[in-house]
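Listed below are the residues making up each chain.
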Amino acid sequence: MSDKCFWLRCETKPLEHRAALTPTTARKLIGSGFKIYVERDQQRIFDDSEYEAYQGGCELVENNSWPSAPTDIPIIGLKELPVSDSPLPHTHVQFAHCYKQQAGWSSVLVRFYRGGGTLYDLEFLNDVNGRRVAAFGFHAGFAGAAAGALAYAAQKNGEKLGHLEPYPNEQAMVTDVKAKLRGREKNTKALIIGALGRCGRGAVDLFRKIGLDDDNIVKWDLDETAKGGPFQEILDVDIFVNCIYLTTRIPPFLTQEQMQAAGDTRRLRVVVDVSCDTTNPNNPIPIYSVNTTFTEPTVAADVGAENPTLEVISIDHLPTLLPREASEQFSADLVPSLLEFPDREHARVWVDAKRLYDLKLAEAVKVENIAT
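Residues numbered from 1 in each chain as written. Predicted model: local features only at pLDDT ≥ 70, side-chain atom pairs only at ≥ 80, totals over all residues. Heavy atoms only, no water.

Turning to the overall build of the chain, a few remarks are in order. Looking only at helices and strands, one finds 10 helices and 12 strands in the chain. On C-alpha atoms alone, the chain measures out to a radius of gyration of 21 Å, which is about the 21 Å that the 2.2 N^0.38 rule sets for 372 residues. Counted over contacts in the chain with a minimum sequence separation of 6, partners at least 24 positions apart contribute 74%. Accessible surface for the chain amounts to roughly 16000 Å². Of this, 49% is attributable to carbon and sulfur atoms. Considering the chain, the positive charge centre built from 40 side chains and the negative charge centre built from 51 side chains are found 2 Å apart. (Helix = DSSP H or I, 4+ residues; strand = E, 2+ residues; numbered from the N terminus. Rg over C-alpha atoms; globule rule 2.2 N^0.38 Å. Contact = heavy atoms within 4.5 Å. Areas by Shrake-Rupley, 256 points an atom, 1.4 Å probe, with all protein chains shown as cover. Lys, Arg positive; Asp, Glu negative; His and termini not counted. Charge placed at Lys NZ, Arg CZ, Asp CG, Glu CD.)

Here it is, written out as structure tokens:
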């Protein structure tokens, strides 16, 4: 089997519509001599036919058939694999969410150890400046801010935010959010932490496009948070969006005790944790303990029975609210690194990712008490 090959697996996470490879980026890889297999997937935003619509297109294979693929074909996807203890003999390129001691992290990694496979985690593919070569950050922030505004609008109407559906494009999302706010956007105030990063810029962009006054979009980054939390300023806005990339323990931005003590003087009504470090022991927003979903987008924080409602959105794949645009942007940024994958033993991006995998794998083996 040629090393210039990828197998695009289906996504099994409910309501995940994005793809690591789009028809556009698959075509670029094929033009460079790659063979691309694509699993049929009715959930994916791109129709199966789009992948085979051009001469020499992708080869379509059965849904979720990657476990029986030849083990020398790299498997590429986005979200984590379903929970299982079955060994993983393939090389996988995906987001695995197991390098920061998230819940179940070591169990994920020992599957690779037992199967002899390898993980190249998309979250840790970095350029020479330490910046991720591809990220969904902008669309995560944009969609997270939209979800927060929709939850706030629902509260103002005496309702709870219901099922969230993907939008065909950004303009459709903006139009819908503005309609739901019913003119309240001019008096709505939002605070974004991590405002200078890709994710934060996306959140700021959404708030501007739905009509918030710029003075009501509070933009915080490292300088503003240097003093350490908790921060009273967060309680003085309607919507708080957390967009930081967490690497180490920091003082919490909010605490349950702080909100309960504020009582009915608290203006804050919606928290959107785009970073979604729900099970990370260093989570700077320790006011919730579960991930929410597109079916149930919000969870109530315990702020005291007599105090105003505070809802938290902690959906860990927000960009799938804009699945086509988010996929195209991410995949286009990833392609230059994918072109180097056949030379992964020497290409710096992949060498660094493999070194990190080896380190985390050793930690997992130790935690799981596996004899080596």
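And the narrative resumes.
Right, let's get into the packing of helix H1 (residues 23–31) against helix H9 (residues 323–339). Put simply, H1 and H9 touch, their axes get as near as 9 Å, and they point 15 degrees apart. Between H1 and H9, the angle falls in the class roughly parallel. Remark: the crossing between H1 and H9 carries right-handed chirality. Residues Thr 24, Thr 25 and Leu 29 of H1 form the contact with H9, whose own contacting residues are Glu 328, Ser 331, Ala 332, Val 335, Leu 338 and Leu 339. (Axes fitted to C-alpha atoms, helices over the stretch in contact; angles between N-to-C directions. Parallel < 35°, antiparallel > 145°, perpendicular 65-115°, else oblique. Left-handed = near helix turned anticlockwise from the far one by under 90°.)

Before going further, it helps to examine the pairing of strand S10 (residues 270–273). Along S10, one buried face is formed by Val 270 and Val 272 and the opposite face, lined by Val 271 and Asp 273, is buried too. As judged from the 4 bridges shared by strand S9 (residues 239–242) and S10, these two strands associate in the parallel manner. Paired with Asn 242 across the strands is Asp 273, a residue of S10. Chirality of the crossover, the property in question, places the unit of S9, helix H8 (residues 256–262) and S10 among those that are right-handed. Two strands pair when backbone bridges link them, and S10 and strand S12 (residues 311–313) are joined in this way by 3 bridges, in the parallel orientation. Each bridged residue has a counterpart across the sheet, and for Val 270 the counterpart in S12 is Glu 311. (Buried < 20%, exposed > 50% of the residue type's maximum accessible area, 1.4 Å probe, protein only. Pairing = 2+ DSSP bridges. Right-handed = clockwise from strand over helix to strand, strands pointing away.)

Attention now moves to the pattern of salt bridges. Counted according to the given criterion, the structure contains 22 salt bridges. Here Lys 209 ties to Asp 205 by a salt bridge, and the two come within 3.1 Å at their closest N and O atoms. A residue pair is termed a helical-turn pair when its members lie 3 or 4 positions apart in one helix, as Lys 209 and Asp 205 do in helix H5 (residues 198–209) at 4 residues. For Lys 209, a relative accessible area of 39% puts it in the partly exposed group. Each member of the salt-bridge network shares a partner with another, and the members are Lys 13, Glu 80 and Asp 316. (Salt bridge = Lys/Arg side-chain N within 4 Å of Asp/Glu carboxyl O.)

Within the structure shown, the criterion is met by 16 aromatic pairs. Between the aromatic rings of Phe 95 and Phe 136, the centroid separation amounts to 6.4 Å while the plane-to-plane angle is 50 degrees, which identifies the pairing as tilted. Taken as a pair, Phe 95 in the loop between strand S5 (91–94) and helix H2 (105–115) and Phe 136 in the loop between strand S6 (118–121) and helix H3 (137–156) lie far apart in primary sequence, 41 residues in all. Each member of the pair, Phe 95 as well as Phe 136, carries the same accessibility label: buried. Geometrically, the ring pair formed by Phe 136 and Phe 330 is stacked, given 4.1 Å between the ring centres and 5 degrees between the ring planes. Of this pair, Phe 136 sits in the loop between S6 and H3 while Phe 330 is found in helix H9, placing the two residues 194 residues apart along the sequence. (Phe/Tyr/Trp six-rings, centres within 6.5 Å; stacked < 30°, edge-to-face > 60°.)

With that out of the way, let us pick up the nonpolar core. Counting residues in hydrophobic clusters, the biggest one holds 42 residues, and the most contacted among them are Met 173, Ile 192, Phe 207, Ile 210, Ile 239 and Val 241. Looking at this core, the elements that each hand over two or more residues are H3, helix H4 (170–181), strand S7 (190–193), H5, S9 and S10. A total of 12 residues in this core trace back to one element, the largest contributor, which is H3. The residues contacting Ile 239, other than those within four sequence positions of it, are Gly 148, Ala 149, Tyr 152, Thr 188, Lys 189, Ala 190, Leu 191, Phe 207, Leu 268, Val 270 and Val 272. Judged by nonpolar contacts, the second largest core, of 35 residues, contains Leu 21, Tyr 51, Tyr 54 and Ala 347. (Core = buried A, V, L, I, M, F, W, Y, C linked by side-chain atoms within 4.5 Å.)

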